[in-house]
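Fold and contact review
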Amino acid sequence: MSLFEVKGWNLKADKVAVGGTDKVENKKSKKKEKKEKKRKLEQEAKANAEDEPEEEKPKKQKVDSVKELKKDVPEKKLKKGEKQEDIKPAEPSHEDQFITKEPASERKLTPLQQKMMAKLSGSRFRWINEQLYTTTSDNALKLVKEQPALFDEYHEGFRSQVQLWPENPVDVFVDQFKARTTKPVNAPGGLPGLPDKSIVIADMGCGEAQLALDIQNFVKQHNQKSQKKKGKFHDRNGPARTLKVETHSFDLKKANNRITVADIKNVPMEDELCSIVVFCLALMGTNFLDFVEEAYRILAPNGELWIAEIKSRFTELTNAKTRVADDVGSEFVESLKLLGFFHKKTDNDNKMFTRFEFFKPSKEIIEQRKAKLEKKKRFIEQETKKEELDQKRKEKAEGEWLLKPCIYKRR
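Residues numbered from 1 in each chain as written. Predicted model: local features only at pLDDT ≥ 70, side-chain atom pairs only at ≥ 80, totals over all residues. Heavy atoms only, no water.

Labelled according to an unreviewed UniProt entry, the protein chain appears under the name Ribosomal RNA-processing protein 8, originating from Candidozyma pseudohaemuli. Quoted straight from UniProt, the Sequence similarities (unreviewed entry) entry for the protein chain says "Belongs to the methyltransferase superfamily. RRP8 family." (UniProt positions renumbered as here; feature names shortened; annotations may be inferred.)

1. A word on helix 5 (residues 149–162)
Between its terminal C-alpha atoms helix 5 stretches 20 Å, which fits the 20 Å expected from 14 residues at 1.5 Å a residue. Residues of helix 5 that are buried include every one of Leu150, Phe151, Tyr154, His155, Gly157, Phe158, Gln161 and Val162, and no others. All buried residues of helix 5 project into a common sector of 160° when viewed along the axis, lining one side. (Helix = DSSP H or I, 4+ residues; strand = E, 2+ residues; numbered from the N terminus. Expected span 1.5 Å × (residues − 1). Buried < 20%, exposed > 50% of the residue type's maximum accessible area, 1.4 Å probe, protein only. Arc of directions from axis to C-beta.)

2. Overview of the packing of aromatic side chains
Counted according to the given criterion, the structure contains 13 aromatic pairs. Note on tyrosine 154 and phenylalanine 158: the rings are 6.1 Å apart at their centroids and 20° apart in plane angle, and the pair reads as stacked. Highlighted residues: tyrosine 154 and phenylalanine 158, both in helix 5, separated by four residues, approximately one helical turn. Phenylalanine 158 carries the same exposure label as tyrosine 154, and that label is buried. Ring geometry for phenylalanine 173 and tryptophan 306: centres 5.8 Å apart, planes at 20°, overall stacked. In this pair, phenylalanine 173 is assigned in helix 6 (residues 169–180) and tryptophan 306 in strand 5 (residues 299–310), connecting sequence segments 133 residues apart. On the basis of relative accessibility, which here comes to 1%, the residue phenylalanine 173 falls in the buried class. An aromatic cluster is built from Tyr296, Phe314, Phe332, Phe341, Phe356 and Phe358, whose rings are joined through pairwise contacts. (Phe/Tyr/Trp six-rings, centres within 6.5 Å; stacked < 30°, edge-to-face > 60°.)

3. With respect to the UniProt feature "coiled-coil region" (unreviewed entry) in the protein chain
Using the residue numbers shown here, the UniProt feature "coiled-coil region" (unreviewed entry) corresponds to residues 363–390. Regarding residues 363–390, the helix share stands at 89% and the strand share at 0%, and the terminal C-alpha atoms are separated by 23 Å.

4. Here's the deal with the confidence of the model for the protein chain
Within the protein chain, residue pLDDT values average 79, and 68% of them lie at 70 or more. Low confidence marks residues 317–325, where pLDDT is under 50. Its contacts with residues over four positions away, or in another chain, come to 10 contacts. (pLDDT = per-residue confidence, 0-100. Contact = heavy atoms within 4.5 Å.)

5. A few points about the pairing of strand 1 (residues 199–204)
Taken across its six residues, strand 1 has six buried, putting it largely inside the fold. Burial along strand 1 is two-sided: Ile199, Ile201 and Asp203 facing one way and Val200, Ala202 and Met204 facing the other are all buried. Across six bridges, strand 1 lies against strand 2 (residues 245–251) in parallel orientation. Bridge pairing links alanine 202 to histidine 248 in strand 2. As paired strands, strand 1 and strand 4 (residues 274–280) are joined by four bridges and run parallel to one another. Looking across to strand 4, one finds that methionine 204 is bridged to phenylalanine 279. (Pairing = 2+ DSSP bridges.)

See below:
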């Protein structure tokens, strides 16, 4: 027996409450139990989460485990005269930080972060824009099929650009459509239609098909008003007329249900089925004259071609005789005339855009023009110019000389 041993006591087996030893052991034991309980809860949550959708797993695991832990924490005792609602909420604990009410993508960014994100998005938009302008349409379709997100990124950047413009050419085309509905279809000044007076529009390179949506909404309102006028006296604009309008929208990706995916040099439409074809900032590929030839194929006789393009794309040619720069887009107009279109109008009023109107002549008009040219001995000259254009396109894509690519400046 040692000096400190007492008969009947086993110091190794028994716990002696000397200097708070018993309390320390109890605290360690409780802490260990709590950790073990937490570990078991997390394992159970993980096992349960395997049957749930992936997007719910991280949130469910952390939330459930924290809730269970909070059950073990005793509520704060109220002091004399104190009410439960008077108690201020405690600062968020380490566990509470795992419970996120909103994803990181939706959290508010600081002004500096917003500026940096805008700069990155702008750079990305300029890169995609350059790819679309400097490659063929079939390569562009392949690129978007392989990386569908490129289309969305491009149009997000495009929307930002549109906000800086004095007007959107899509809105101009919609206003033009509305203004011409005041006159009968196929009448002078009215909209071009098929023989049954239905109007079929093909929006080539439609983007998000805003043109189709705006025209659809207008036609719906127009026809509702026309229905109300039936049976009443006609107004000064003549009898009430309902419109039959069908719009086909084509682009590289199906951003919504209005769009059909297609390379716009070869769209899934029958010959002479359209009365209006629209290219609104859509002559982007290096082979854009292929798009124009496709428009000629699907247009019915006397159908119209509407084009809007950025002015900076047009090369100004100096007239050899006058030494003065020709009108903006003159070479472009001549090229489309060689492809069979008749030029109606060029609108240069806008500072940023030039708008063109062409129409596909009927067989009667073509025969009359041919006879006129033969009489002046210019028919052979016209055919020679067409051959020269075809040869020039074989040697060098028109996207390299007829229209400059619209490349935004790098910042």
